[in-house]
Amino acid sequence: MVTNGLSGVASSQVVRWECPPAPALFVDRTAELRQLVELCATRRKALLLVLDGPPGAGKSALARKLADAARESFPDGQLYADLREHRRGGGVELSGVVEGFLRSLGVSEPLPSDLSRLTGLLRSLLHDRRLLIVVDHVTTAEEVVRWLPNGDTCAVAVTSNHDLDELHQYGAVRVQIERLPLDDGVALLREHCGAQRVDAEAEAARRLVTLCDGLPLALNLVGAKLRRRTSLALADVAATLAAEPESVVLAAFDFAHDDLSQQARRLWALLGVHRGGELSVGAVAALMPGPEDVLEELTRANLLEWDELAGRVRLGEVGARHAARRAEENLTP
Ligand SMILES: Nc1ncnc2c1ncn2[C@@H]1O[C@H](COP(=O)(O)OP(=O)(O)O)[C@@H](O)[C@H]1O
Ligand SMILES: [Mg+2]
């Protein structure tokens with residue numbers, strides 16, 4: 001235990017590795033990852049990294065990959081917060097976020113309720129620690145600036161779909177996560193449904209990547225469907241997607257949704273009513289008793305992530321929007 005002189009609050013020196021794992025299926029991003037790892041390794045002062053890009057491009061996945069790849073640069077570990085879990089009625093409850101960090105750092109005493117005292121305590125505890133703090137799904141610069149560490153040993157990596165230009169004045173290094181290049185998109189499809197099948201329809205595969213706008217999110221939905229339906233031709237899938245006037249990603253969700261059992265469609269729409277990105281399996285069971293089989297079906301279709309160990313279910317941003325739309329269309333009396 002060390003005692004922080006400023007606050008008198010004790011904090012244990014447990015090393016935390018909080019960042020969730022990156023997806024097992026992961027293609028490309030070598031250049032971006034190399035750049036990020038190098039920035040972490042060569043930092044001489046506090047580092048603020050901003051990963052931005054369109055929804056579904058793979059910012060959260062890359063941030064997780066970074067946390068793992070840059071471990072050596074952060075011997076004191078990593079903290080992680082997903083701000084979607086702290087959003088209440090539009091705004092983020094920052095005191096909850098900071099409190100979470102403090103608890104992770106081993107503070108067990110009762111905490112002040114005042115945000116500036118909480119952030120002061122956090123800054124004191126972070127001083128001289130070589131920690132990476134990953135903050136997922138940031139929407140405004142303020143959500144970061146309010147607690148930003150002032151020492152020069154930590155690094156903060158945030159992901160966002162929004163323009164966080166204001167962070168520039170805090171020395172932010174912006175790394176844009178673009179759509180996957182054509183070949184890497186095809187490689188991702190190959191991972192899903194096998195090289196043979198993809199190579200047999202090479203032109204259609206490239207067309208699918210273009211139609212999915214190179215977004216791993218959309219490609220994973222399409223890939224999961226191709227994996228489930230082994231006789232489906234890639235060219236037919238491309239024709240279906242091309243006929244959709246909607247945004248490609250929503251169309252890809254529609255496409256994955258088409259195949260679902262009635263029960264799974266119902267749960268998907270019910271999750272849309274909930275409108276939260278994340279909920280416990282207990283909360284899901286309140287919507288539909290005994291939801292395990294249906295959750296498995298939705299997970300296989302790549303529509304949501306189900307963390308069985310933690311007992312949590314997570315819809316991505318676009319997925320939540322799609323489910324909300326299904327709720328409006330299908331559940332209104
Ligand atoms: N490089 C990649 N290779 C394969 N799948 C990826 C890659 N990047 C992201 N994904 C997958 O694509 C989906 C969207 O990624 P995510 O990181 O949540 O996007 P974002 O945070 O940009 O909205 C997830 O299912 C994720 O596992
Ligand atoms: Mg994300």
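Please read these numbers as outputs of a predicted model, since none were measured by experiment.

**Student:** Hey, could you run me through the coordination of the magnesium ion (ligand 2) in this one?
**Tutor:** Tetrahedral metal sites with four donors have an ideal angle of 109.5 degrees; octahedral sites with six donors have ideal angles of 90 or 180 degrees. Protein coordination at the magnesium ion (ligand 2) comes from Ser60 (OG) and His137 (NE2), with a distance range of 2.1 to 2.2 Å. Residue serine 60 is found in helix α2 (residues 59-69), and its partner histidine 137 is found in the loop between β8 (132-136) and α5 (142-145); the two are separated by 77 residues along the sequence. For histidine 137, a relative accessible area of 13% puts it in the buried group.

**Student:** Would you take a moment to explain the sheet that holds strand β11 (residues 278-280) for this structure?
**Tutor:** Backbone hydrogen bonds hold the strands of a sheet together, and the pairing may be parallel or antiparallel. The three strands lie next to each other as β11-β13-β12, forming an open sheet whose pairing is antiparallel. If you trace the sheet from one side to the other, it starts and ends with β11 and β12 (305-307), each paired once. On average, each strand axis in the sheet is tilted by 20 degrees relative to the strand beside it, whichever way the strands run. Where β11 lies against strand β13 (residues 312-314), three bridges are found, and the strand directions are antiparallel. Note that in β13 the partner of serine 280 across the bridge is arginine 312.

**Student:** Looking at this structure, I do not really get the sheet that holds strand β3 (residues 16-17). What am I missing?
**Tutor:** Strand order in the open sheet made by the six strands is β3-β5-β8-β9-β4-β10, with parallel pairing throughout. Of all strands in the sheet, those with a lone pairing partner are β3 and β10 (173-176), marking the two edges. Note: strand β4 (residues 47-52) against β10, four bridges, orientation parallel. Bridge pairing in β10 places valine 50 opposite arginine 174.

**Student:** Any chance you could explain helix α11 (residues 248-258) here in plain terms?
**Tutor:** Residues that lie three or four places apart on an α-helix share one face, since the helix turns once every 3.6 residues. Among the 11 residues of α11, nine are classified as buried, and the element is accordingly described as predominantly covered. Within the sequence span of α11, burial applies to Val249, Leu250, Ala251, Ala252, Phe253, Asp254, Phe255, Ala256 and His257. Buried positions along α11 lie against α9 (216-228), α10 (234-242), α12 (262-274) and α15 (317-331).

**Student:** Explanation requested: the site of ligand 1 in the structure shown.
**Tutor:** Near ligand 1 lie 17 residues; those nearest to it are Val27, Gly56, Gly58, Lys59 and Ala61. Measuring from a nitrogen atom of ligand 1, one finds a backbone N or O atom of leucine 25 at 3.3 Å. Between a nitrogen atom of ligand 1 and a main-chain N or O atom of valine 27, the distance comes to 2.8 Å. In isolation ligand 1 exposes 560 Å². Once the protein is present, 86% of that is buried. Secondary structure elements with two or more residues in the shell around ligand 1: α2 and α9. Class assignment of the residues belonging to the shell around ligand 1 gives a composition of 11 nonpolar, four polar and two charged. Mapping the shell around ligand 1 onto the domain boundaries places at least three of its residues in each of domain 1 (2-176) and domain 2 (182-258).

**Student:** What should I look at first to understand the pairing of strand β9 (residues 155-160) in this one?
**Tutor:** Remember that side chains alternate between the two faces of the sheet whenever the strand is regular. Among the six residues of β9, six are classified as buried, and the element is accordingly described as predominantly covered. Because side chains alternate across β9, one face comprises the buried residues Ala155, Ala157 and Thr159, and the other comprises Val156, Val158 and Ser160, equally buried. As judged from the six bridges shared by β4 and β9, these two strands associate in the parallel manner. Pairing of valine 50 across the sheet is with valine 158, part of β9. Pairing between β8 and β9: four bridges, direction parallel.

**Student:** Help me understand the state of the cysteines in this model?
**Tutor:** Disulfides are covalent bonds that connect the sulfur atoms of two cysteines. One pass over the full model with this rule turns up zero disulfides. Cysteine cysteine 40 is unpaired, with the sulfur of cysteine 154 as its nearest cysteine sulfur at 12 Å. For cysteine 40, a relative accessible area of 0% gives the class buried. Cysteine 212 carries a free sulfur, and the closest cysteine sulfur to it, the one in cysteine 193, is 12 Å from it.

**Student:** What am I meant to see in the packing of helix α8 (residues 202-211) against α10 here?
**Tutor:** The relative placement of two packed helices is expressed as an angle between their axes plus a distance between the axes. One can describe the packing of α8 onto α10 by two numbers: an axis separation of 9 Å at closest approach and a directional angle of 30 degrees. Taken together, the axes of α8 and α10 are roughly parallel relative to one another. In terms of crossing hand, the pair formed by α8 and α10 is left-handed. From α8, Ala204, Ala205, Arg207, Leu208 and Leu211 reach across to α10, where they touch Leu234, Ala235, Val237, Ala238, Leu241 and Ala242. Counted by class, the contact of α8 with α10 contains 10 nonpolar, no polar and one charged residues.

Conventions and cut-offs
Once a new chain begins, its residue numbering starts again from 1 and follows that chain's sequence as written. Chain A is the first chain written and ligand 1 is the first ligand written, with later ones labelled in order. In keeping with the predicted nature of the model, local features appear solely for residues at pLDDT of at least 70, side-chain atom pairs appear and are counted solely at 80 or more, and the whole-chain, interface and lining totals rest on all residues. Hydrogens and water are ignored here; the side-chain numbers use all heavy atoms of the structure. Water is not part of the atom set, so a site may look incomplete; the donors themselves are N, O and S atoms within 2.8 Å of the metal, or 3.2 Å for Na, K and Ca. Numbering goes from the N terminus for both helices and strands, where a helix is a DSSP run of H or I of at least four residues and a strand is a run of E of at least two. For the exposure calls, accessible area comes from a 1.4 Å probe over protein chains only, and a residue counts as buried if that area is under 20% of its type's maximum, exposed if over 50%, partly exposed in between. Pairing between strands is defined by DSSP: at least two bridges between them are needed. Throughout, an axis means a line fitted to C-alpha atoms (over the contacting stretch in the case of helices), and angles, computed between N-to-C directions, take values from 0 to 180 degrees. In what follows, residue pairs with any heavy atoms lying within 4.5 Å of each other are defined as contacts. Here a residue is considered near a molecule or strand provided that any single heavy atom belonging to it is located within 4 Å of it. Under the rule applied, a polar contact is a pair of N or O atoms within 3.5 Å (in protein, one hydrogen donor and one hydrogen acceptor; residues adjacent in sequence only if both atoms are side-chain atoms). In these tables, accessible area is a Shrake-Rupley quantity obtained with a 1.4 Å probe, and a residue counts as shielded only by the protein chains included in the view. For this classification, Asp, Glu, Lys and Arg are treated as charged, while Ala, Val, Leu, Ile, Met, Phe, Trp, Tyr, Cys and Pro are nonpolar and the rest, including Gly, are polar. An automatic or database domain assignment supplies the start and end points of every domain. By definition, disulfides here are pairs of cysteine sulfur atoms that lie within 2.5 Å. Should an angle fall under 35 degrees it is called roughly parallel, over 145 degrees roughly antiparallel, and 65 to 115 degrees roughly perpendicular, with every other angle called oblique. Note: crossing handedness is left-handed where the near helix turns anticlockwise from the far helix by less than a right angle, and right-handed where it turns clockwise.

By themselves these figures say nothing about function.
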